[in-house]
Amino acid sequence: MRSRSSSTAVLPEVVLENWQQGGFGLYVHWPFCEAKCPYCDFNSHVVSQIDQARWANALAAEVRRVATEVPGRVLTSIFFGGGTPSLMAPETVAQVIDAARDCWTFSNNIEISLEANPRSVEAARFEGYARAGVNRVSLGVQSLRAPDLKKLGRLHDVNEARAAFGIAREVFDRVSFDLIYARQGQSLRDWEVELREALDMAVDHFSLYQLTLEPGTAFWDRAERGGLRGLPSEDLGADMYDLTQEVCAAAGMSAYEVSNHARPGAESRHNLVYWRYGDWMAVGPGAHGRFTTPSGRQETVAHRMPGAWLAAAERGNGEETRLIAPPDEQAAEYLIMGLRLNEGIDLPRLHRMSNDFATGDQIKGLSEMGLVASDTSRLWATPRGRLVLNSVIEKLVP
Ligand code: SF4
């Protein structure tokens, strides 16, 4: 008979590497769009022709190249972002997914997402994407009001978006869509009615963003010239944010991140890799990767312009710059990403990166203002704190 002491022996504590607490994903950037939306500052380009076979070969080769740095891992998500990835031929998507499958083990419940425009021509490709392995789409619906879609420079109309959503629900396991609020001329009541209509569409994941003016966009230039009238004030924007939280929570779609709402279990696993500060490989123009190797946490950035990236990838490496992130930078990035989440951050993990961040005194000061809350292992921003998250983060850095 085994002695009692041997059967209850304390096992050594398993200390996971930091990245393992966040998961492991692959981001694929497709840089092309049919038109440039006036509010968009993403790395997206309008071209008349795309050589799909050439792009498929280059993206797949890049997947194989980056995989040599982190072999033997289990991949939890792939995300095709852009740009407009629904301009990819299904065969292009399949070639990239197949390359990833050759390089890593897919987790049993791997999430493979693709951002799509809700147009009929793109919805016709949904079946092909599903056959390639995509199991989740994120539709750029942006508004359920025809005049506002025009103002936002979108090429689809409301009926087309609703029809594309219906097709997506039939074809994919999971469907999300994006809406932009705090638009020109929008009142609080307008937004509430539109949001409730969107909830009636039985979506299980939403990304709800406030319209922001980014330097370098057409909206920014128009605003500088005084030509962008009727944008909600900062106070009205804050009221819209509060209303969004209330209405979505009452419908069982609470925010799990500042701008993202989901039914329990329907959260975007890929975005959680970013916010939980896991490791992700990135391929395609301008894509940013973060991953851990024996020499440290690598920060990679690919060539931004599509032509330069394609030429570099075909020469054998699409990466333009690489740094090894010092611990302080990792701590700052983890704080910025993690406090966006309702669940907040793992304090011991942060302090393994650097003890200078989120000290007891800093947390106490912010708690007294009602902006953060904490227990022995976690720190999170309160709803009030999330409204002023940048200021909260500033107070938690040395
Ligand atoms: S479709 Fe998306 S990525 Fe393309 S220009 Fe519009 S907002 Fe930007």
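All values reported here derive from a predicted model rather than from experimental measurement.

Participant: Explanation requested: a negative patch on the surface in the structure shown.
Facilitator: On the surface, E234, D235, D239, D242 and E246 cluster together into a negatively charged patch. Mapped onto the elements of the fold, D239 is located in helix α10 (residues 234–250). Using a relative accessible area of 39% as the deciding quantity, one classes D239 as partly exposed.

Participant: Mind showing me how you'd approach the site of the ligand here?
Facilitator: Near the ligand the following residues occur: C33, A35, K36, C37, Y39, C40, F42, S44, G83, T84 and R154. A breakdown of the residues in the shell around the ligand according to their chemical character gives 6 nonpolar, 3 polar and 2 charged.

Participant: What's the story with the sheet that holds strand β17 (residues 378–381) in this structure? I'm lost.
Facilitator: Pairing between sheet strands relies on hydrogen bonds along the backbone, with the strands arranged either parallel or antiparallel. Within the open sheet, the 3 strands sit side by side as β15-β17-β16. Their pairing is antiparallel. Strands at the two margins of the open sheet, each flanked by one partner only, are β15 (345–346) and β16 (372–374). One ladder, built from 3 bridges, connects β16 with β17; its direction is antiparallel. Bridge assignment links V372 to a residue of β17, and that residue is A381.

Participant: Please clarify how the layout of surface pockets should be interpreted in this entry.
Facilitator: Left-over empty space is what a probe sized like a water molecule reveals as it rolls over the atoms. The space that makes up the second largest pocket amounts to roughly 330 Å³. Lining the second largest pocket are 13 residues, with Q210, S233, E234, G237 and A238 positioned closest to its centre. Per-element accounting of the lining of the second largest pocket gives the leading share, 3 residues, to α10. Its residues assigned to classes, the lining of the second largest pocket comprises 8 nonpolar, 4 polar and 1 charged.

Participant: Can you walk me through the environment of R54 in this structure?
Facilitator: Locating R54 in the fold gives a position in helix α2 (residues 52–67). Judged by relative accessible area, R54 falls into the partly exposed class, the value being 39%. Through-space distance from the C-alpha of R54 to that of L310 is 8.5 Å; in sequence the pair is 256 residues apart.

Participant: Help me out: how do you make sense of the packing of aromatic side chains in this one?
Facilitator: Any aromatic ring pair is given by two values, namely how distant the centres are and how the planes are angled relative to each other. In the structure shown here, the tally under the stated rule is 15 aromatic pairs. Where F32 meets W55, the ring centres are 5.0 Å apart and the plane angle is 80 degrees; that geometry is what we call edge-to-face. Separated by 23 residues along the polypeptide, F32 in strand β2 (residues 32–33) and W55 in helix α2 bring together distant segments of the chain. By relative accessible area, F32 is classed as buried at 5%. Taking the centre distance of 6.5 Å and the plane angle of 45 degrees together, the rings of Y39 and F219 count as tilted.

Participant: Please explain the domain arrangement of the protein as it appears in this structure.
Facilitator: By a widely used convention, the size of an interface equals the accessible area lost when the partners come together. Domain boundaries in the protein define domain 1 (18–275) and domain 2 (327–397). When each unit is reduced to the centre of its C-alpha atoms, the spacing between domain 1 and domain 2 is 27 Å. Across the contact, 13 residues belong to domain 1 and 12 residues belong to domain 2. Counting the surface lost from both domain 1 and domain 2, the interface buries some 1200 Å², and carbon and sulfur atoms represent 51% of this. When the area that domain 1 buries against domain 2 is broken down by residue, the three leading residues are N18, V258 and W275, summing to 43%. Our count for the domain 1 to domain 2 interface comes out at 1 salt bridge. A salt bridge links E257 to R340, with the shortest nitrogen-to-oxygen separation between them at 2.5 Å. Taken together, domain 1 and domain 2 are joined by 4 residue pairs in polar contact (both at pLDDT 80 or more).

Participant: Mind showing me how you'd approach the nonpolar core here?
Facilitator: Among soluble globular proteins, nonpolar side chains are generally buried collectively. Membership of the largest hydrophobic core comes to 110 residues, with the highest contact counts inside it found for I78, F80, W104, L139, F177 and F206. The leading source of residues in this core is α2, at 7 residues. Formed jointly, this core draws a minimum of three residues from each of two domains, domain 1 (18–275) and domain 2 (327–397). Once residues lying within four places of it in the same chain are set aside, the contact partners of F177 are L139, V141, F165, A198, M201, V203, H205, F206 and S207.

Participant: Teacher, can you tell me more about the pattern of salt bridges here?
Facilitator: In a structure, side chains of opposite charge can pair up when their charged atoms sit close to one another. As enumerated under the stated definition, the model contains 22 salt bridges in all. With a closest N to O distance of 2.7 Å, R276 and E343 form a salt bridge. Separated by 67 residues along the polypeptide, R276 in the loop between α11 (269–275) and β11 (279–283) and E343 in the loop between α13 (327–338) and β15 bring together distant segments of the chain. Given the relative accessible area of 29%, R276 is considered partly exposed. The class for E343 is partly exposed, based on a relative accessible area of 31%. In this structure, a network of salt bridges that share partners links the residues E62, R65, E69, E319 and R322.

Participant: I tried to follow the pairing of strand β13 (residues 296–302) on my own but got confused; where do I start?
Facilitator: Two faces make up the sheet, and in a regular strand the side chains alternate between them. With 6 of 7 residues buried, β13 is to be regarded as a mostly interior element. Relative to β13, strand β12 (residues 288–293) is paired through 6 bridges, and the arrangement is antiparallel. Residue pairing across strands places H288 opposite V301, the latter belonging to β13. Once β12 ends, the chain turns through 2 residues before running back antiparallel as β13.

Procedures and definitions
- Residue indices follow the written sequence of each chain, beginning from 1 at its first position.
- Local features in this predicted model are restricted to residues of pLDDT 70 or higher, and side-chain atom pairs are both shown and tallied only at a pLDDT of 80 or more, whereas totals for entire chains, interfaces and linings draw on every residue.
- With hydrogens and water excluded, all non-hydrogen atoms of the structure serve as input to the side-chain values.
- For patch building, the residue pool is restricted to those with more than 30% relative accessible area and no salt bridge; the joining distance is 9 Å between like charges and 5 Å between nonpolar side chains (Val, Leu, Ile, Met, Phe, Trp, Tyr).
- Each accessible area is a Shrake-Rupley estimate made with a 1.4 Å probe; only the visible protein chains count as cover when residues are assessed.
- By definition, a salt bridge exists where a carboxyl oxygen of Asp or Glu is found within 4 Å of a side-chain nitrogen of Lys or Arg.
- We score Asp and Glu as negative and Lys and Arg as positive, and we do not count His or the chain ends.
- Charged side chains are reduced to one point each, which is NZ for Lys, CZ for Arg, CG for Asp and CD for Glu.
- For the purposes of this entry, the term helix denotes a DSSP run of H or I that reaches at least four residues, the term strand denotes a run of E that reaches at least two, and both are numbered from the N terminus.
- For the exposure calls, accessible area comes from a 1.4 Å probe over protein chains only, and a residue counts as buried if that area is under 20% of its type's maximum, exposed if over 50%, partly exposed in between.
- We call a residue near a molecule or strand when any one of its heavy atoms sits within 4 Å of it.
- When residues are grouped by polarity, Ala, Val, Leu, Ile, Met, Phe, Trp, Tyr, Cys and Pro land in nonpolar, Asp, Glu, Lys and Arg in charged, and all others, Gly among them, in polar.
- A pair of strands counts as paired when DSSP detects no fewer than two bridges linking them.
- Note on definitions: the grid is 1 Å and covers protein atoms alone; a cavity is a set of points where a 1.4 Å probe fits but cannot get out; a pocket is an open set with protein on both sides within 12 Å along at least five of seven lines; lining residues have an atom within 4 Å of a point.
- Grid points are joined across faces, edges and corners, and a volume is the space filled by probe spheres set on the points.
- Any Phe, Tyr or Trp ring, taking Trp's six-membered ring, that has another such ring centre within 6.5 Å forms a pair; planes under 30 degrees apart are called stacked, those over 60 apart edge-to-face, and the others tilted.
- Bear in mind that the domain bounds are from an automatic or database domain assignment.
- In this description, contact between two residues means that some pair of their heavy atoms is separated by no more than 4.5 Å.
- By buried area we mean how much accessible surface two parts lose on assembly, using a 1.4 Å probe and totalling the loss over both.
- Nitrogen and oxygen atoms within 3.5 Å of one another constitute a polar contact, given that in protein one can donate a hydrogen and the other can accept it, and given that sequence-neighbouring residues count only through two side-chain atoms.
- Buried Ala, Val, Leu, Ile, Met, Phe, Trp, Tyr and Cys residues that are joined via side-chain atoms within 4.5 Å together make up what is termed a nonpolar core.

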